[in-house]
Amino acid sequence: MLFRQLLDRETSTYTYLVADPVKKEAILVDPVLEQVERDFQLLEELGLKLKFCLETHIHADHITGTGKLREMTGCLGVVPGNAHAACADRSIKDGEILELGNVRVRAIAIPGHTDSHNAYLVNGTHLLTGDGLLIRGCGRTDFQSGNAGAMYDSITQKLFTLPDETLVYPGHDYQGFTVSTIGEEKQWNTRLVGRNRDEFRELMANLNLPHPQKIMEAVPANQRCGDVAA
Ligand code: FE
């Protein structure tokens, strides 16, 4: 499998390129509109055909590159089941598998940051966690149908039951981390370690984070797969 982590510096968003190097087919997870040219050029240089753009959730902090990439490549846009995005070509629910040559992507529904949010386990080893589990943190739960109790359950009952050596690749990092493991987060994620569900909910209710700068434009645009002009 070919696996690449790509960064949008402005929003600290990670996009992931996953491909079968033999069949030359690729998936982009959480592409960012401003980085479409970069991603497209990389696909060309690696000789890859983009088959799917896959979202972990409807984002509030950046606009997805899916719509533009779909125009450029004819790929399909895929969103989690019951995400409100009528523009998507397809949705993927908990337990469903997207297959591309020898790459198998399994959706794991992890509501919490939004009520429709998937993590994606790639070939059983690489876990793309979106804005669910972050490195030493987790996604916020204070808008967009977020729910701290659901986040706690998703992380502790679903993600933390995966093997300790599973690699954790988050949707964002604001401190310079790039990758962790389930075992490492079970031991060192201070949001969760030593807190029960109620204590976690209290912590999340008192973070007092500012709203993302782009939320007013990003959410509606992302419900249109990144079409800003509509
Ligand atoms: Fe988000």
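Here, the structure is the one placed above.
Residues numbered from 1 in each chain as written. Predicted model: local features only at pLDDT ≥ 70, side-chain atom pairs only at ≥ 80, totals over all residues. Heavy atoms only, no water.

A. Seen up close, the coordination of the iron ion. The protein atoms that coordinate the iron ion are H57 (NE2), H113 (NE2) and D131 (OD), at distances spanning 2.0 to 2.3 Å. The sequence pattern formed by the donor residues of the iron ion is H-x55-H-x17-D. Taken together, the residues H57 in the loop between β4 (49-54) and α2 (66-73) and H113 in the loop between β8 (103-109) and β9 (118-122) connect sequence positions 56 residues apart. H113 gets classed as buried once you look at its relative accessible area, which sits at 6%. (Donors = N, O, S within 2.8 Å, 3.2 Å for Na, K, Ca; no water. Helix = DSSP H or I, 4+ residues; strand = E, 2+ residues; numbered from the N terminus. Buried < 20%, exposed > 50% of the residue type's maximum accessible area, 1.4 Å probe, protein only.)

B. Inspection of the side chain of S180 at higher detail. In this structure, S180 sits in strand β14 (residues 180-181). By relative accessible area, which is 2% here, S180 ends up buried. Polar side-chain contacts of S180 include one of 3.4 Å to the side chain of E184. Polar side-chain contacts of S180 include one of 2.6 Å to the side chain of E185. Ignoring any residue separated from it by four or fewer positions in sequence, one finds S180 in contact with I135, R136, T166, L167, V168 and E185. (Polar contact = N/O pair within 3.5 Å; in protein donor to acceptor, adjacent residues only side chain to side chain. Contact = heavy atoms within 4.5 Å.)

C. Broad picture of the packing of aromatic side chains. One pass over the full model with this rule turns up five aromatic pairs. Measuring from ring centre to ring centre gives 5.6 Å for Y16 and Y169, while their planes differ by 70°; the resulting arrangement is edge-to-face. Of this pair, Y16 sits in strand β2 (residues 13-20) while Y169 sits in strand β13 (residues 167-170), and the two are 153 residues apart along the sequence. Like Y169, Y16 is buried. Each residue in the set F3, Y14, Y16 and Y169 is aromatic and connected to the rest through ring pairs, giving one cluster. (Phe/Tyr/Trp six-rings, centres within 6.5 Å; stacked < 30°, edge-to-face > 60°.)

D. Representation of the pattern of salt bridges in the model. In this structure the tally under the stated criterion is 14 salt bridges. In this structure, R140 and D142 form a salt bridge, with 2.8 Å as the shortest nitrogen-oxygen distance. Two residues, D164 and K186, come together in a salt bridge whose shortest N-O distance is 2.8 Å. Remark: K186 occurs in helix α4 (residues 182-188) and D164 occurs in the loop between α3 (148-158) and β13; sequence separation between them is 22 residues. Residue K186 is classed as partly exposed on the basis of its relative accessible area of 36%. Put simply, E10, E34 and K214 are held in one network by salt bridges that share partners. (Salt bridge = Lys/Arg side-chain N within 4 Å of Asp/Glu carboxyl O.)

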